[in-house]
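Structure assessment
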Amino acid sequence: MKLFWKIALSVVAVVLLAGAGGFLWLMFKPNAPARLAAAGPAGTRVVAGNVFGNYYQGRSSSAARAAVLILGGSEGGLSSEVAAEARLLQQHGFNTLQLAYFNAPGKGSKLERVPLEQFYQALDWLKRQPGTDADRLGIVGYSKGAEAALLVATRYPRVKAIVLGMPSNVAWDALSMRSYLFGGISSWTEGGKDIPSLAYARPDANGSLLSRFANALRDLPSTSPARLPVEKYRGAVLMICGARDTLWPSCSMAQAIARRAADKNGVKPELVVYPAAGHGVMGPPMAASDPRWRGWSTLGGTVHANVQARKDSWPRIVAFLDRTLN
């Protein structure tokens, strides 16, 4: 009988250890590699220190051109849609760098503790390129890329214009299993230290991701260090959002950015809201038949509303960059 209990306890111990090992493996396993869009014949793949991306030199007769750093969101790597945005900006005469800031060669696979220094280095690299006017720098980012763009613009003094698609008014905890479960791990670092970040709240009974963000913001103190200090940025701001965004509350966060800027005598951002669109409002225009809408439409709004939002927002973005940088 004693032998039976010894064996039983040993089996239980093995099961518990295996379960703990599996749990740790889930927490620390790297993400699957993101797709890396090729630069194509119009661009050049850049691998220079911490700068990994696609570079597109503007098609313009001007001796010195404005330059734009363009950032994707939580998809990581170099997405084909952001590459298309970069090429469109190239055609309008901008020197454009599409930067991979995680889940790319030489970088962490998760959007966790991403060093802001790599964005500074990317802007430094852009300034050094032949034909770039170092005094005319802009950043275009959507979703987590918009969060990074605003963070960087408040810290890098030579940025003159930023476009924030589906933006955030706070720095959020990392997008990783460890962060979801335990909190306290920032998406971003500077000088090796975490940027103060907001932890995700418990979801509503429906378990929606949107509610994890909205509930965390509901009781956020006005003095929270996770709030992004837009008032420290003196350039021009264009924000774009869809009121039916089901990923995170981008329109209410955009409005919070505008309120903080007004309360603290900062710049006056331009805000464009598309009432029937969701998280797919920004990017190169796409036909309603494009299969990529199947993914975007799970993030709010109708296909028609998102198609129309992109058709309207992209010319606004180009005109804004022309007006503020050229």
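About the criteria used
- Residues numbered from 1 in each chain as written.
- Predicted model: local features only at pLDDT ≥ 70, side-chain atom pairs only at ≥ 80, totals over all residues.
- Heavy atoms only, no water.
- Core = buried A, V, L, I, M, F, W, Y, C linked by side-chain atoms within 4.5 Å.
- Buried < 20%, exposed > 50% of the residue type's maximum accessible area, 1.4 Å probe, protein only.
- Helix = DSSP H or I, 4+ residues; strand = E, 2+ residues; numbered from the N terminus.
- Contact = heavy atoms within 4.5 Å.
- Pairing = 2+ DSSP bridges.
- pLDDT = per-residue confidence, 0-100.
- Right-handed = clockwise from strand over helix to strand, strands pointing away.
- Disulfide = S-S within 2.5 Å.
- Phe/Tyr/Trp six-rings, centres within 6.5 Å; stacked < 30°, edge-to-face > 60°.
- Axes fitted to C-alpha atoms, helices over the stretch in contact; angles between N-to-C directions.

Now for the nonpolar core. Residues Trp172 and Leu321 are the most contacted members of the largest nonpolar core, which totals 47 residues. Among the elements that line this core, the one with the most residues is helix H9 (residues 303-325), at nine residues. Not counting the four nearest positions on each side in its chain, leucine 321 is found in contact with Val68, Leu89, Phe94, Val140, Val163 and Asn326. Counting 44 residues, the second-largest nonpolar core is a separate cluster that includes Ala67, Leu69, Ala146 and Leu164.

This part takes up the pairing of strand S1 (residues 44-48). In terms of strand pairing, S1 meets strand S2 (residues 51-56) through five bridges, oriented antiparallel. Within S2, the position partnered with valine 46 by the bridge is glycine 53. The loop that links S1 with its antiparallel partner S2 comprises two residues; one of these, glycine 49, has a positive phi angle of about 65°.

Attention now goes to the confidence of the model for the chain. Looking at the chain, pLDDT values average 90 and 90% of them are 70 or higher. Contacts of residues 11-27 to residues separated by more than four positions or lying in other chains number eight contacts, the stretch itself having pLDDT below 50.

A word on the sheet that holds strand S5 (residues 114-115). The sheet built from three strands is open, its strands ordered S5-S8-S9 with mixed pairing. Every other strand in the sheet has two partners, leaving S5 and strand S9 (193-194) as the edge strands with one partner each. Taken together, the two bridges between S5 and strand S8 (residues 188-190) define a ladder with parallel strand orientation. Across the sheet, residue valine 114 finds its bridge partner in S8, namely tryptophan 188.

It is worth spelling out the environment of glycine 53 at this point. Following the sequence through the fold, glycine 53 ends up in strand S2. Counting along the chain gives 15 residues from glycine 53 to alanine 38, while the straight-line C-alpha distance between them is 9.3 Å.

This part covers the pairing of strand S10 (residues 236-242). The two faces of the sheet receive side chains in turn, since in a regular strand these alternate between them. A large share of S10 lies buried, amounting to six of its seven residues. As paired strands, strand S7 (residues 159-165) and S10 are joined by five bridges and run parallel to one another. Paired with glycine 165 across the strands is isoleucine 240, a residue of S10. With five bridges connecting them, S10 and strand S11 (residues 270-274) associate as parallel partners. Residue cysteine 241 lies in a different strand from S11, and its bridge partner there is valine 273. Crossover S10 to S11 through helix H7 (residues 250-263) is right-handed.

Taken as a whole, this structure holds one disulfide when the rule is applied. In this model cysteine 241 forms its disulfide with cysteine 251; the gap between the sulfur atoms is 2.1 Å. Where cysteine 241 bonds to cysteine 251 through sulfur, the torsion about that S-S bond is close to 110°, and the disulfide is right-handed. Placement of the pair is cysteine 241 in strand S10 and cysteine 251 in helix H7, with a sequence separation of 10 residues. Cysteine 251 shares its class with cysteine 241; the two are buried.

Once that is clear, we can look at the packing of aromatic side chains. Each aromatic ring pair is summarised here by two numbers: the centre-to-centre distance and the angle between the ring planes. A full pass over the atoms with the stated rule returns 11 aromatic pairs. Considering the side-chain rings of tyrosine 55 and tryptophan 125, the 5.0 Å spacing of their centres and the 85° angle between planes classify their relative orientation as edge-to-face. With tyrosine 55 in strand S2 and tryptophan 125 in helix H3 (residues 117-127), this pair connects stretches of sequence that are 70 residues apart. Look at tryptophan 125 and you get buried, because its relative accessible area is 11%. Ring plane angle 65° and centroid distance 6.1 Å describe the contact between phenylalanine 119 and tryptophan 188, whose orientation is recorded as edge-to-face. In this pair, phenylalanine 119 is assigned in helix H3 and tryptophan 188 in strand S8, connecting sequence segments 69 residues apart. Taken individually, phenylalanine 119 and tryptophan 188 each receive the classification buried, so the pair is uniform in this respect. Following the ring pairs from residue to residue traces out a cluster consisting of Tyr101, Phe102, Phe119 and Trp188.

So, about the sheet that holds S11. One open sheet accounts for eight strands, arranged S1-S2-S4-S3-S6-S7-S10-S11; its pairing is mixed. At either margin of the open sheet sits one strand with a lone partner, and together these are S1 and S11. Strand-to-strand, the axes of this sheet are offset by a mean angle of 20°, without reference to chain direction. With four bridges joining them, S2 and strand S4 (residues 95-99) adopt antiparallel strand pairing. The residue of S4 that forms the bridge with asparagine 54 is glutamine 98.

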